[in-house]
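# Structural description and commentary
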Amino acid sequence: MPSNDVRILLQSAVPTAAVGALAAIVSAVVAGVEGAIGAVVATLIVILFMGIGLYVLQRTAKTLPHLFQAMGLMLYAAQILLLFIFVAAFKNTSLFNPRAFALTLLAGTLAWIAAQARAHMKSKILYVEPDSTLGDRPEKTGHSS
């Protein structure tokens, strides 16, 4: 992964982990050990799913740039669907508190998306390659009166 991709991954994963740690503390106070376990599992799932999604999206941008936007929309829809499947699958589990799991999954996903959007807005990525042969002034095109 290039350094810019790693920077975006870290700028997304660290706030998500912080939200997960806060959710684990709150869940431990409210629901006990089962709540803390549910919050930790949910945080790990969010970081894993969203991290893999970011990696796939970056690979798509490099290999198939014409599919980047469609792939991004499809990827986010698939991630949200998979997270709902996880919530439904663990709805009646006795391994951890399902309510703490679901709320942490939601909070972690929102934290990841917000942090990723902020990281992309703050990154300095050239989307136009400057052409050094033209000089300082652009050529005139179109009708001149």
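Before reading further, recall that the structure is shown in the block above.
This text gives an overview of the structure that appears in the document. (Residues numbered from 1 in each chain as written. Predicted model: local features only at pLDDT ≥ 70, side-chain atom pairs only at ≥ 80, totals over all residues. Heavy atoms only, no water.)

## A short note on the overall build of the protein
- Helix and strand content of the protein: four helices and zero strands.
- Taken from the N to the C terminus, the helices and strands of the protein come in the order α-α-α-α.
- Counting only residues that meet the buried cut, the protein has 30% of its 145 residues in that class.
- Residue pairs in contact within the protein that sit at least 24 positions apart in sequence constitute 74% of those at least 6 positions apart.
- Carbon and sulfur atoms make up 69% of the accessible area of the protein, which amounts to about 10,000 Å² in all. (Helix = DSSP H or I, 4+ residues; strand = E, 2+ residues; numbered from the N terminus. Buried < 20%, exposed > 50% of the residue type's maximum accessible area, 1.4 Å probe, protein only. Contact = heavy atoms within 4.5 Å. Areas by Shrake-Rupley, 256 points an atom, 1.4 Å probe, with all protein chains shown as cover.)

## Section: helix α3 (residues 68-89)
- End to end, α3 covers 31 Å across 22 residues, agreeing with the expected 32 Å (1.5 Å per residue, within 8%).
- Close packing links the buried residues of α3 with α2 (33-63) and α4 (98-122). (Expected span 1.5 Å × (residues − 1).)

## Some details on the environment of Phe 68
- Tracing the backbone shows Phe 68 in helix α3.
- Judged by relative accessible area, which is 36%, Phe 68 ranks as partly exposed.
- For the pair formed by Phe 68 and Leu 57, sequence separation is 11 residues and the distance between their alpha carbons is 7.1 Å.

## Comments concerning the packing of α2 against α4
- Two numbers describe how α2 lies on α4: the axes approach to 8 Å, and their chain directions differ by 35°. Considering the relative orientation of α2 and α4, their crossing is right-handed.
- When the residues that make up the contact of α2 with α4 are grouped by side-chain class, the tally is 12 nonpolar, 10 polar and no charged. (Axes fitted to C-alpha atoms, helices over the stretch in contact; angles between N-to-C directions. Left-handed = near helix turned anticlockwise from the far one by under 90°. Nonpolar A, V, L, I, M, F, W, Y, C, P; charged D, E, K, R; others polar.)

Just distances and angles here, no functional claims.
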